[in-house]
Amino acid sequence: MNGLTPHLPILPVLLPLVAGIVLLALRGAPLVLQRATSLVATAALVPLALALLASAGDGTQLVYTLGDWEAPFGIVLVADRLAAWMLMATALVALFALLQALAGADLQGRHFHVLYQLQLFGLNGAFLTGDLFNLFVFFEILLLASYGLLLHGGGRLRVKAGLHFVVINLVGSTLFLFAVGTLYGVTGTLNMADLAVKLARTVPENLALVEAAGLMLFGVFALKAALLPLHLWLPAAYAQTSAPVAALFAIMTKVGAYSILRVYSLMFGAEGGAVANLLADWLMPLALLTLVAGTLGAVASTSLRQQIAYLVIASVGTLLAAFGLDSAEGVAAGLYYLPHTTLGTAAFFLLADPIRRARGALGDRFESGAAMPGARVLGGLFFVAAVALAGLPPLSGFLGKFMLLRAALGSPWLPWVWAIVLTTSLFAVIALARSGSLLFYRTHSTPEVLTGPRPVEWLPAAGLLLLILGMVIWAGALADYGAATAAQLLEPRRYIDAVLGDRP
């Protein structure tokens, strides 16, 4: 293992890329071979993420120089605690979403498994890259793959949602290039560690340009994260695509949140000189407004998948509110809450699919219908998922929100954070209780013959919910890891030294 450790950062990027190429070559091969290849490649990401968690757990920051070109002249991948944390969440969600797709969703269109692997290639690359331009490149890779996955299976509503998704994200990509070009023009580098050093020395005549570029980057990351007012693309896109794709997309909004945390703690943080604390006046109010908007959308939703999509938006608001506290305790709370909400919303999307099938013509609309076959199993899983996403005890959503509220005690935002988090949690409980009542209790007879769900349709959701239970059992260890990660992020010099060595 010692000989493999230096190469660990490149493996989560290479594996899905190679798997995607192999699957493209196997497009005429038997379906069972394509499925096995995709499943093995996706499952292998879990032990790789565990290995990176173990390697980065002692504070080591693994730096991989592609082509053996030293930073800042060459491209680097950096695996620290945060990157390993994100890779683990991605690998788990991807594995269970793929297991559900093998029940038949992968047959609805062409190249599902190729696109799935390329999506993972983009996601893992975005979490590992130490170069701002390559962050843009990996953004484009995951977005191109997501376009195909979103439209997989076709349909008028899906195509309409996909068109909005494409146009809005193309605008975001253009702004990303403007921001990257501006920073390169001012500093002559795009390596994030080198940028952190040079931006801290920004001369007064370049300050306006650098701040404009930094705020453009924030706009791009806010769009990816679905932060208000750039959230309107998400409900239709997530509600109209297939369940496995929507579950995988649960990690995609976290790419935006990750980028905000990574870039602004490293390049525009407390040690950023003239550009320090660039987001101090922006992040918290937008996060709290996003939480309110997402919760109100969940209350007003007319179907289960739409409601889950709005809960994704609400979870982004909660997560970024934790990061917006700009303290080690707040970041640690957000890092504990991040895998919880990713696993929870992914599980809910996977569960919505068998519920929709079991209700026949009514689908997942919030209308009174016939008692669905398998209601005990589906209802039990719905209850657990609802408790998790509403943030009720004893599950990890409650622990994450409790950590957030405790972290806010020393913040000037204390009254706003407590009032909005507690109020929106109450409204989330009301919304999910109403949904469960309409789906499982207000039933009547119907001549329609309904078909119960097969175990393969609900077992992946159950698996993700068991992981949430595991987050409660090992809450102490996970919270400690989050606290150590927060401390590492708030000491950007350690990242800079790991990447640049003793160069100034």
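Everything here concerns the structure above.
Below: a short report on this structure. (Residues numbered from 1 in each chain as written. Predicted model: local features only at pLDDT ≥ 70, side-chain atom pairs only at ≥ 80, totals over all residues. Heavy atoms only, no water.)

1. As for the pattern of salt bridges
Stated formally: Definition used for salt bridges: Asp or Glu carboxyl oxygen within 4 Å of a side-chain nitrogen of Lys or Arg. Helix and strand assignments come from DSSP, with helices taken as H or I runs of at least 4 residues and strands as E runs of at least 2, each series counted from the N terminus. Buried means the residue's accessible area, taken with a 1.4 Å probe over protein chains only, is under 20% of the maximum for its type, while exposed means over 50%, and partly exposed covers the values in between.
Enumeration over the complete set of coordinates arrives at 11 salt bridges. Among the salt bridges present, the one from Arg356 reaches Asp353, with a minimum N-O distance of 2.6 Å. Of this pair, Arg356 and Asp353 both sit in helix 14 (residues 328-358), three residues apart, which is roughly one turn of the helix. Taking the shortest distance from any N to any O, the salt bridge between Arg365 and Glu367 comes out at 3.2 Å. Under the relative-accessibility criterion, Arg365 is labelled partly exposed at 36%. Three or more residues joined by partner-sharing salt bridges are found here, namely Asp353, Arg356, Arg357, Arg454 and Glu457.

2. Regarding the environment of Ala370
For Ala370, the location among the structural elements is in the loop between helix 14 and helix 15 (375-390). Sequence spacing of Ala370 and Ala358 is 12 residues, and the spatial spacing of their C-alpha atoms is 9.6 Å.

3. Observations concerning a nonpolar patch on the surface
Convention followed: Like-charged residues are merged into a patch within 9 Å and nonpolar side chains (Val, Leu, Ile, Met, Phe, Trp, Tyr) within 5 Å, provided each residue has over 30% relative accessible area and no salt bridge. Method for areas: the Shrake-Rupley scheme with a 1.4 Å probe, in which residue coverage is limited to the protein chains shown.
Together, Leu163, Val167, Val171, Leu175 and Phe178 line one region of the surface with nonpolar side chains, adding up to about 460 Å² of accessible area. Here Val167 is to be found in helix 6 (residues 156-187). Owing to a relative accessible area of 45%, Val167 belongs among the partly exposed residues under this scheme.

4. Description of the pairing of strand 2 (residues 76-79)
So the rule is basically this: Pairing between two strands is assigned when DSSP locates at least 2 bridges connecting them.
Residues of strand 2 alternate between two faces, with Val76 and Val78 on one and Leu77 and Ala79 on the opposite face, all of them buried. Relative to strand 2, strand 1 (residues 62-65) runs antiparallel, the two sharing four bridges. Bridging from a neighbouring strand, Tyr64 pairs with Leu77 of strand 2.

5. A closer look at the side chain of Ser38
What counts here: Two residues form a contact once any of their heavy atoms are found within 4.5 Å.
Following the sequence through the fold, Ser38 ends up in helix 2 (residues 31-56). With relative accessibility at 0%, the residue Ser38 sits in the buried group. The contacts of Ser38, once residues within four sequence positions are left out, are Leu23, Leu98, His113 and Gln117.

6. Side note on the nonpolar core
Rules: Among buried residues, the Ala, Val, Leu, Ile, Met, Phe, Trp, Tyr and Cys ones that are joined through side-chain atoms within 4.5 Å form a nonpolar core.
Counting 180 residues, the largest nonpolar core has Leu132, Phe221, Tyr238, Tyr264 and Met267 as the members making the most contacts within it. Contact partners of Leu132, with chain neighbours within four places excluded, come to Phe176, Val180, Leu183, Leu190, Met192, Leu195, Leu217, Val263 and Met267.

7. Here we look at the packing of aromatic side chains
Worth spelling out the cut-off: Pairs were defined over the aromatic rings of Phe, Tyr and Trp, the Trp ring being its six-membered one, requiring ring centres within 6.5 Å. Orientation was assigned from the angle between planes: stacked under 30 degrees, edge-to-face over 60, tilted for the rest.
For the structure on display, the rule yields 20 aromatic pairs. With centroids separated by 5.6 Å and ring planes inclined at 80°, the aromatic side chains of Phe139 and Phe176 adopt a geometry described as edge-to-face. One end of the pair, Phe139, is in helix 5 (residues 132-150); the other, Phe176, is in helix 6, and 37 residues separate them in sequence. Both residues of the pair, Phe139 and Phe176, count as buried. Each member of the aromatic cluster is reached from another via a ring pair, and the members are Tyr147, Phe165, Trp233, Tyr238, Phe249 and Phe349.

8. Let's talk about the packing of helix 3 (residues 81-101) against helix 18 (residues 455-473)
How we decide: Between the N-to-C directions of two axes lies an angle of 0 to 180 degrees, each axis being a line fitted to C-alpha atoms and, for a helix, fitted only over the stretch in contact. With respect to orientation, any angle under 35 degrees is reported as roughly parallel, any angle over 145 as roughly antiparallel, any angle of 65 to 115 as roughly perpendicular, and every other angle as oblique. Definitions for this section: a left-handed crossing has its near helix turned counterclockwise from the far helix by less than a right angle. A right-handed crossing has that turn clockwise.
Viewed as axis vectors pointing N to C, helix 3 and helix 18 meet at an angle of 165°, and their least axial separation amounts to 8 Å. The angle between helix 3 and helix 18 places the two elements in the roughly antiparallel class. Helix 18 is crossed by helix 3, and the crossing has right-handed handedness. Contacts between helix 3 and helix 18 involve Leu92, Val93, Phe96, Leu99 and Gln100 on the former and, on the latter, Val456, Glu457, Pro460, Gly463, Leu464 and Leu467.

9. What about helix 19 (residues 475-489)?
For clarity, the cut-off: For a helix, the expected span equals 1.5 Å multiplied by the number of residues minus one. The arc in question is the one traced by the directions running from the helix axis out to the C-beta atoms.
Under the 1.5 Å per step criterion, the end-to-end length of helix 19 is 21 Å for 15 residues, consistent within 8% with the ideal 21 Å. Along helix 19, the residues that are buried comprise Ala475, Tyr481, Gly482, Thr485, Ala486, Gln488 and Leu489. The buried residues of helix 19 occupy one face: seen down the axis, they fall within an arc of 160°. The exposed set on the far side of helix 19, more than 90 degrees from its buried face, consists of Ala477 and Asp480.

10. What to know about the side chain of Gln34
Topologically, Gln34 is positioned in helix 2. Excluding residues within four positions of it along the chain, Gln34 makes contact with Leu23, Leu26, Arg27 and Ala29.

11. A look at helix 7 (residues 192-199)
For clarity, the cut-off: We call two N or O atoms a polar contact when they sit within 3.5 Å, provided that within protein one can donate a hydrogen and the other can accept it, with sequence-adjacent residues counted only if both atoms are side-chain atoms.
Where burial is concerned, most of helix 7 is hidden: seven out of the eight residues are buried. Of the residues making up helix 7, those classed as buried are Met192, Ala193, Asp194, Leu195, Ala196, Val197 and Leu199. In this structure Asn191 caps helix 7, since a side-chain oxygen of it lies 3.0 Å from the backbone nitrogen of Ala193.

12. Let's talk about unusual backbone geometry
Going from Leu228 to Pro229, the amide bond is cis rather than trans, its omega being 5°. Within the secondary structure, Pro229 is located in the loop between helix 8 (204-225) and helix 9 (234-240). With an omega dihedral of 10°, the bond running from Pro393 to Pro394 counts as a cis peptide bond. Along the chain, Pro394 turns up in the loop between helix 15 and helix 16 (396-407). The phi dihedral of Ala226 falls on the positive side, at around 65°, and the residue is not glycine. With respect to the helices, strands and loops of the structure, Ala226 is situated in the loop between helix 8 and helix 9.

13. Let's talk about the packing of helix 5 against helix 8
Rules: Amino acids are sorted into nonpolar (Ala, Val, Leu, Ile, Met, Phe, Trp, Tyr, Cys and Pro), charged (Asp, Glu, Lys and Arg) and polar (every other residue, Gly among them).
Packing of helix 5 against helix 8 leaves a shortest axis separation of 13 Å and a crossing angle of 25°. Here helix 8 runs roughly parallel to helix 5, going by the angle between their axes. For the pair helix 5 and helix 8, the sense of crossing is left-handed. For the pair helix 5 and helix 8, contact is made by Leu132, Leu135, Phe139 and Leu143 and by Leu217, Phe221 and Lys224, respectively. Per-class residue counts for the contact of helix 5 with helix 8 are six nonpolar, no polar and one charged.

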